[in-house]
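Below are the chains, spelled out letter by letter.
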Amino acid sequence: MMTPWRILVAMAGLMGATGVALAAKAAHDPDASRLATASTMLLFHACALLGTIALAERGVVHRRIGLITAIGFVLGPALFAGDLLMRQFTGDRLFPFAAPIGGSLQIASWLALAVCALWPRRA
């Protein structure tokens, strides 16, 4: 049975691969500012996700809050980048306010990472 941590590591791999593919596409398209932004969000949040998983697994940060933070590092960039990709390729939005919701979730996840680093762990 897969643990949530393994699934999140797999998600980080998918986010990283997608980010690299979007960066390559952005390098060859004349109007690709949305693709470049989506690529950046996916790539650095994939790294943040892996770091959060490592810290939570080793007990450096509060484990439960770390798990919530890690999930936010998947969902936030997915919404943000997904909305940018929809706008780039179809001209429509993913759904109303998808990018702002995704961006807000990313900010909240970074703040949650700060909280889980300071939250006392039970002995």
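Note: the structure precedes this text.
We now turn to the structure provided with this report. From a predicted model like this one, the values you see are computed outputs, not experimental measurements.

Turning our attention to the overall build of the protein. Across its full length, the protein carries 4 helices and 0 strands. Helices and strands appear in the protein in the N-to-C order α-α-α-α. Principal-axis analysis of the C-alpha atoms gives the protein an extent of 55 × 25 × 25 Å. In the protein, which comprises 123 residues, the share counted as buried stands at 38%. Considering only contacts in the protein between residues 6 or more positions apart, those separated by 24 or more positions represent 67%. As displayed, the protein has an accessible area near 7,300 Å², and 70% of this comes from carbon and sulfur atoms. Between the mean site of the 10 positive side-chain charges and the mean site of the 5 negative ones, the protein shows a separation of 17 Å.

Among the nonpolar cores identified, the biggest contains 27 residues, and L8, M15, L49 and I53 are the most heavily contacted of them. Per element, the largest residue contribution to this core is 9 residues, and it comes from helix α2 (residues 33–57). Setting aside anything within four residues of it in sequence, one finds M15 in contact with L42, H45, A46, L49, F73, V74 and P77.

This part covers the packing of α2 against helix α3 (residues 63–89). Packed helices, taken two at a time, are described by the angle between their axes plus the distance between the axes. Closest axis-to-axis distance for the α2/α3 pair is 9 Å, and the angle between their directions is 170°. Taken together, the axis directions place α2 and α3 in an arrangement best described as roughly antiparallel. Partitioned by chemical class, the residues of the contact of α2 with α3 number 17 nonpolar, 6 polar and 4 charged.

The rules we used
Residues numbered from 1 in each chain as written. Predicted model: local features only at pLDDT ≥ 70, side-chain atom pairs only at ≥ 80, totals over all residues. Heavy atoms only, no water. Helix = DSSP H or I, 4+ residues; strand = E, 2+ residues; numbered from the N terminus. Buried < 20%, exposed > 50% of the residue type's maximum accessible area, 1.4 Å probe, protein only. Contact = heavy atoms within 4.5 Å. Areas by Shrake-Rupley, 256 points an atom, 1.4 Å probe, with all protein chains shown as cover. Lys, Arg positive; Asp, Glu negative; His and termini not counted. Charge placed at Lys NZ, Arg CZ, Asp CG, Glu CD. Core = buried A, V, L, I, M, F, W, Y, C linked by side-chain atoms within 4.5 Å. Axes fitted to C-alpha atoms, helices over the stretch in contact; angles between N-to-C directions. Parallel < 35°, antiparallel > 145°, perpendicular 65-115°, else oblique. Nonpolar A, V, L, I, M, F, W, Y, C, P; charged D, E, K, R; others polar.

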